[in-house]
Amino acid sequence: MSVVVGLLLLFLSGSELTEACSCSPEHPQQAYCNADVVIRAKVVGRKEVVTGNDAYGYPIKMIRYDVKQIKMFKGPEGEIETVFTGPSSALCGVSLESNGKQEYLITGKMDSNDTLRVNLCDYIESWESLSLTQKKCLGERYQMGCDCKVVQCSSIPCSISEPTECLWTDWIVEGTVQGTQAQLYTCVKRNDSSCAWYRGSAPPKKDFMDIEDP
């Protein structure tokens, strides 16, 4: 359940707007940079609510998750206490365990009412499934790479078009988007303003930062 890109509106049916998620996998660093909010949290409650009416007067139904925030890596001041998502996967809704036992990394967008909304295109993973490097990179390390762009290679041939891009080849090389680059690498901006992959969570050494692309 990682990823982003958008929602395609397909058709109106009865009292609900039916939509489908169209998503391209995202490297966790890119997901961090694209999100308004990134938190570690437990879900402690779930309820279907009506958040208003659409242009046709039909009620807009959402699932409200009550969360207990453990740590905020990116976001507004104050704790996030609720997360809203669609009422079903057909409406891009995210299904989370709400018994308070599972910890999640949750990324999402704030709407105009300062409400955190998530969908199937957002990067949401169980905390225990993250690598140690990913956990340590949340915050400052991933933020350092937000001037860079991670570009997924989904088929051969593939390449980058700008020096500020890093080519993400996990799917081609390992057949998974949770491969070595996703788990162990960050795309780091160097002193010449180019970007390159760097392994681990320790601060990049001077000789790496000073390298210039030919």
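Details of the structure are given in the entry above.
Residues numbered from 1 in each chain as written. Predicted model: local features only at pLDDT ≥ 70, side-chain atom pairs only at ≥ 80, totals over all residues. Heavy atoms only, no water.

**Student:** Got a minute to help me understand the state of the cysteines in this structure?
**Tutor:** Among covalent bonds in proteins, the disulfide is the one between the sulfur atoms of two cysteines. Across all of its chains, the model carries five disulfides by this definition. With its sulfur 2.1 Å from that of its partner, C33 forms a disulfide with C146. The sign of the S-S torsion, about -95°, decides the handedness of the disulfide formed by C33 and C146: left-handed. Of this pair, C33 sits in helix 1 (residues 28-34) while C146 is found in the loop between helix 3 (140-144) and strand 9 (149-152), placing the two residues 113 residues apart along the sequence. Using a relative accessible area of 16% as the deciding quantity, one classes C33 as buried. Taking relative accessible area as the criterion, C146 reaches 24% and is therefore assigned partly exposed. The side chain of C148 participates in a disulfide bridge whose partner is C195; the two sulfur atoms lie 2.0 Å from each other. Taking the sign of the S-S torsion, -85° for the link of C148 and C195, the bridge is left-handed. (Disulfide = S-S within 2.5 Å. Helix = DSSP H or I, 4+ residues; strand = E, 2+ residues; numbered from the N terminus. Buried < 20%, exposed > 50% of the residue type's maximum accessible area, 1.4 Å probe, protein only.)

**Student:** When you look at the environment of N119 in this model, what are you seeing that I'm missing?
**Tutor:** Position of N119 among the secondary structure elements: in the loop between strand 7 (116-117) and strand 8 (124-126). Residues N119 and T107, twelve residues apart in the sequence, show an inter-C-alpha distance of 9.5 Å. For N119, the side chain forms a polar contact with the main-chain nitrogen of C121, separated by 2.7 Å. (Polar contact = N/O pair within 3.5 Å; in protein donor to acceptor, adjacent residues only side chain to side chain.)

**Student:** Looking at this structure, I do not really get the pattern of salt bridges. What am I missing?
**Tutor:** Pairing between side chains of opposite charge can happen when the charged atoms of each approach one another. Scanning all chains against the criterion turns up four salt bridges. K189 is the partner of D147 in a salt bridge, and the nearest nitrogen-oxygen pair spans 3.8 Å. Here D147, found in the loop between helix 3 and strand 9, pairs with K189, found in strand 11 (residues 185-189); they are 42 residues apart in sequence, far enough to count as distant. Judged by relative accessible area, which is 29%, K189 ranks as partly exposed. (Salt bridge = Lys/Arg side-chain N within 4 Å of Asp/Glu carboxyl O.)

**Student:** Would you explain the side chain of T115 in this entry?
**Tutor:** On the secondary structure map, T115 appears in the loop between strand 6 (103-110) and strand 7. Residue classification places T115 among the buried residues on the basis of a relative accessible area of 17%.

**Student:** Can you help me understand the packing of aromatic side chains in this one?
**Tutor:** What describes a pair of aromatic rings is the distance from one ring centre to the other and the angle between the planes of the rings. Under the criterion given, the structure shown has three aromatic pairs. Taking the centre distance of 6.0 Å and the plane angle of 50° together, the rings of Y32 and Y142 count as tilted. Here Y142 lies in helix 3 and Y32 lies in helix 1, a separation of 110 residues in the sequence. Side by side, Y32 and Y142 carry an identical accessibility label, which is buried. Look at Y185 and W197: their rings are 6.4 Å apart centre to centre, the planes differ by 85°, and that puts the pair in the edge-to-face class. Pair noted here: Y185 is in strand 11 and W197 is in strand 12 (residues 195-199), with a separation of twelve residues, a long-range link. On the basis of relative accessibility, which here comes to 22%, the residue Y185 falls in the partly exposed class. One cation-aromatic arrangement involves K74 over Y32; the distance from NZ or CZ to the ring centre is 5.1 Å. (Phe/Tyr/Trp six-rings, centres within 6.5 Å; stacked < 30°, edge-to-face > 60°. Lys NZ or Arg CZ within 6 Å of the ring centre and 35° of its normal.)

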